[in-house]
Amino acid sequence: MTDDRHGEPADRSGIGWLAGSWWALAVVVLAVYVLSPVRDATQHDPAFAPLTAHALVHDRDVALDGFGAARLVGHPVVLTDGSLDAGTVVERVGGPGWAELEAAVADPDVDVRDYFPWTSALLAVPAVVVADTVAAITGGADSGELLADGDLTVLHTASASMVVVGAVLAIRAAAVALLTGSRRRRRLLANASALVFALGTSAWSTASRALWQHTPSLLLSSLALWCAVRVALDDPATGAPAPAGSRRPRIDPWVVGLGAAAVGATIARPTNLAFAVVVVGWALLRRREELAPTLLSAALGAVAVVAAFVLVSWALLGRAVPEYYAAGRLRFGGWFAEAVAANWVSPSRGLLLASPVLVLAVPGTVVAWRDRGRPGVRSLSVALWVAVAAVTVSVSAFPQWWAGHSFGPRFMTEAVPLLVVLSLPAVDRVVAPERWRSGAAHPGRARAALAAVVVLALWSVAFHAVGSVAGVTGCWNRYPDDVDDDPGRVWSVADAQVLEPVHRVLDGDRRAAQDATCVGAA
């Protein structure tokens with residue numbers, strides 16, 4: 001067997017082959033995710049995903065009434081009789097809205113549902129099935145009993161972790177297609193890049209910790225990027241434009257996948273709408289000489305996903321679009337400029353401080369733009385920067401711009417795969433063989449560039465490791481002041497969230513106060 005790009009023998013043995021294999025990458029990443037102990041996100045926005053999954057498996061609906069009113073306190077809900085506005089959070093038993101919630105749970109003609117879409121709940125169905133199967137074999141607690149006690153956390157996190165591993169593999173596939181050189185080189189670099197994406201970004205510290213909307217969003221946007229890269233490379237084997245007179249299939253499967261994944265990402269998290277419009281619009285412009293078949297292909301993917309979503313929503317909710325999508329929660333207020341800055345550079349929520357390795361997107365774009373032999377990659381880099389800007393605008397227009405009780409740059413999670421793909425040409429250039437041959441010009445620059453990339457990658461991994469391993473970082477959201485009451489805390493360097501484990505070790509009074517106020521601050 002030969003290499004698919006250079007006719008070289010395909011080496012399928014040894015450490016190099018193992019290090020470049022997709023399944024070894026998947027096993028390593030999944031093991032890290034599942035063994036990481038921080039899972040407190042399962043008590044925040046994603047909390048009702050496994051409850052809804054249980055209702056789907058056992059009752060064939062999404063009503064949460066069976067868990068009792070007290071179990072539904074503290075999270076946004078929808079009451080089908082409209083007695084509370086959709087998305088209302090009943091903060092405590094006996095507090096505002098409690099009487100309506102309690103009455104709805106007791107009324108067989110009224111359902112209480114999770115305000116967040118059912119899409120994430122589907123991903124929790126395997127966890128429910130596994131818990132019930134284990135219970136049937138061992139005689140232990142089933143999924144309903146575990147959920148009533150809040151003990152499905154590990155399976156909840158495992159479900160999210162497997163979804164994010166899918167996103168990691170999609171980024172790896174995009175990297176294998178986009179990078180240059182032999183198959184062995186491309187796979188090694190693709191695995192290294194995907195590993196940094198998996199462990200050096202919010203893929204680890206946010207999306208894998210619980211079934212946030214970011215979790216399916218990350219998978220679907222990564223799949224869309226893989227398809228976009230293949231569209232950019234007219235000849236995926238060489239990256240060169242297709243020969244004159246050549247004909248593609250009238251229905252291009254990569255464009256179909258692009259349309260489907262981009263629309264699916266928007267359904268998973270509506271702030272992806274701008275990304276979907278930009279990337280599909282880019283594909284139509286890229287294939288403007290074949291506009292009709294390209295438009296047909298994109299429409300087939302998009303319409304199929306929308307139709308499936310509408311049909312399932314109608315079957316589960318009795319309406320085509322869940323209440324969540326009807327709410328206009330984005331608006332440009334006085335906070336917008338601060339939110340943009342905070343999402344990029346604040347010590348506790350800034351993307352560039354949490355994952356500085358993503359700064360490689362800038363030189364990556366320069367490298368891609370200088371490569372006139374791959375015009376599709378050049379134009380894609382422009383489209384992805386437009387999408388990054390659109391993501392920034394959309395998340396910064398959210399009034400709770402500091403992302404509530406979470407870790408790091410949660411709201412910028414959707415920008416991460418875009419920046420990773422933009423960084424790949426720079427990674428390719430830093431380790432280009434000609435830069436490391438004996439007698440190559442400027443060897444010191446080559447070593448310095450590689451050292452800088454390694455340092456940025458290690459910083460990024462260390463930052464997100466703190467949020468995924470040190471449970472005390474969750475206490476930062478509540479102590480010494482609740483970040484929801486004082487969002488300006490995200491700008492403090494001395495009180496940065498990532499430093500919370502250090503404060504806990506050095507400050508005994510702070511440690512004692514955390515133990516008294518923060519759940520799970522062991």
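What counts as what
- Residues numbered from 1 in each chain as written.
- Predicted model: local features only at pLDDT ≥ 70, side-chain atom pairs only at ≥ 80, totals over all residues.
- Heavy atoms only, no water.
- Helix = DSSP H or I, 4+ residues; strand = E, 2+ residues; numbered from the N terminus.
- Buried < 20%, exposed > 50% of the residue type's maximum accessible area, 1.4 Å probe, protein only.
- Contact = heavy atoms within 4.5 Å.
- Core = buried A, V, L, I, M, F, W, Y, C linked by side-chain atoms within 4.5 Å.
- Salt bridge = Lys/Arg side-chain N within 4 Å of Asp/Glu carboxyl O.
- Expected span 1.5 Å × (residues − 1).
- Patch = residues over 30% accessible without salt bridge, like charges linked within 9 Å, V, L, I, M, F, W, Y side chains within 5 Å.
- Areas by Shrake-Rupley, 256 points an atom, 1.4 Å probe, with all protein chains shown as cover.

(A) Structural context of the environment of Ala262. Here Ala262 is to be found in helix α11 (residues 253-268). Using a relative accessible area of 0% as the deciding quantity, one classes Ala262 as buried. Not counting chain neighbours up to four residues away, the residues in contact with Ala262 comprise Ala224, Ala276, Val279 and Val280.

(B) Region of the structure containing the nonpolar core. Counting 77 residues, the largest nonpolar core has Tyr33, Val168, Phe197, Val229, Trp282, Leu418 and Leu419 as its most contacted members. In contact with Val168, other than residues within four places in its own chain, are Leu25, Val29, Tyr33, Ala194, Phe197 and Ala198. Judged by nonpolar contacts, the second largest core, of 22 residues, contains Phe67, Ala69, Leu147 and Leu152.

(C) The arrangement of the pattern of salt bridges in detail. One pass over the structure, following the stated rule, counts 10 salt bridges. With a closest N to O distance of 2.8 Å, Glu323 and Arg113 form a salt bridge. In this pair, Glu323 is assigned in helix α14 (residues 323-326) and Arg113 in strand β3 (residues 112-114), connecting sequence segments 210 residues apart. Linked through salt bridges whose partners overlap, the residues forming this network are Arg489, Asp495, Glu500 and Arg510.

(D) Region of the structure containing the side chain of Ser346. On the secondary structure map, Ser346 appears in the loop between α15 (336-345) and α16 (351-354). Note on Ser346: relative accessible area 0%, which makes it buried. Residues contacting Ser346, with those up to four places away along its chain left out, are Ala341, Leu353, Val490 and Trp491.

(E) Local environment of helix α2 (residues 22-35). For α2, which comprises 14 residues, the first-to-last C-alpha distance of 20 Å matches the rise-based estimate of 20 Å (1.5 Å per residue) to within 8%. Among the residues making up α2, those that are buried are Ala24, Leu25, Ala26, Val29 and Tyr33.

(F) Region of the structure containing a nonpolar patch on the surface. Together, Val345, Leu352, Leu353, Val359, Val362 and Trp491 make up a nonpolar patch on the protein surface, roughly 430 Å² of accessible area in all. Take Leu353: it is sitting in helix α16. Looking at Leu353, the relative accessible area reads 31%, which means it is partly exposed.

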